[in-house]
Amino acid sequence: MFHLLQQVERPMGIMTVRELNANVSQAIARVEKGETLDISKHGKIVAEMRPKRPVRDAAWHDRYDRMLALMEKGADLGGGPLTMEDRYGDARL
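Residue indices follow the written sequence of each chain, beginning from 1 at its first position. Since the coordinates come from a predicted model, pLDDT governs what is reported: local features require at least 70, and pairs of side-chain atoms require 80 or more to be given and counted, while whole-chain, interface and lining totals use all residues. Note that the side-chain values use all heavy atoms of the structure and ignore hydrogens as well as water.

Undergrad: Before we go on, may I ask you to explain the overall build of the protein chain in this structure?
TA: When helices and strands are tallied, the protein chain shows 5 helices and 3 strands. Along the chain direction, N to C, the helices and strands of the protein chain fall in the order α-β-α-α-β-β-α-α. Burial here depends on accessible area, computed with a 1.4 Å probe over protein chains only, as a share of the maximum for the residue type. Under 20% is buried, over 50% is exposed, and the range in between is partly exposed. When burial is assessed residue by residue, the protein chain has 12% of its 93 residues classed as buried. Contacts are assigned to residue pairs that have any heavy atoms within 4.5 Å of one another. A separation threshold of at least 6 residues defines the contact pool for the protein chain, and within that pool the share at least 24 residues apart is 18%. For the protein chain, the computed accessible surface area is about 8700 Å², with 56% contributed by carbon and sulfur atoms. Helical segments are the DSSP runs of H or I of at least four residues, strand segments are the runs of E of at least two, and each set is numbered from the N terminus. Note on areas: Shrake-Rupley, 1.4 Å probe, and residue coverage restricted to the protein chains presented here.

Undergrad: Any chance you could explain the environment of Gly34 here in plain terms?
TA: For Gly34, the location among the structural elements is in the loop between helix H3 (24–32) and strand S2 (37–41). Along the backbone, Gly34 and Pro51 are 17 residues apart, and their C-alpha atoms lie at a distance of 5.9 Å.

Undergrad: In this structure, what is going on with the nonpolar core? I would like to understand it.
TA: Taken as a class, soluble globular proteins show a tendency for nonpolar side chains to be buried jointly. Among buried residues, those of type Ala, Val, Leu, Ile, Met, Phe, Trp, Tyr and Cys that are joined through side-chain atoms within 4.5 Å constitute a nonpolar core. Met15, Leu20, Ala27, Val31, Leu37 and Ile39 together form the largest nonpolar core, which totals 6 residues. Looking at this core, the elements that each hand over two or more residues are H3 and S2. Excluding residues that lie within four positions of it along the chain, Ala27 makes contacts with Met15, Leu20, Leu37 and Met49.

Undergrad: For this particular structure, what's the right way to read a nonpolar patch on the surface?
TA: Each patch is built from residues that are more than 30% exposed by relative accessible area and take part in no salt bridge. Like charges join if they lie within 9 Å; nonpolar side chains (Val, Leu, Ile, Met, Phe, Trp, Tyr) join within 5 Å. A pairing counts as a salt bridge when a side-chain nitrogen of Lys or Arg comes within 4 Å of a carboxyl oxygen of Asp or Glu. Judged by side-chain polarity, Tyr64, Met67, Leu68 and Met71 come together as a nonpolar surface patch covering roughly 370 Å² of accessible area. Assignment of secondary structure puts Met71 in helix H4 (residues 58–73). Judged by relative accessible area, Met71 falls into the exposed class, the value being 57%.

What follows is the structure in structure tokens.
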């Protein structure tokens, strides 16, 4: 019966822990191509292996650089320079 279970076709995107251990390179190659793999153990999905999404793209970097430039320039809030009381929280509100 064990041999019958091994030959059963599994839906694409699912690997058992045993298959993953025996074919790590193949699994990584599939994920590199964009596929998401569910990893199962004793018939239960226990993990997911998927491509890493880029966290910061070019648009993100552009917005970040603009934000830094604005922070360095400062914003005129019309309040004038800070006093020692302003800095240390002793100012009356």
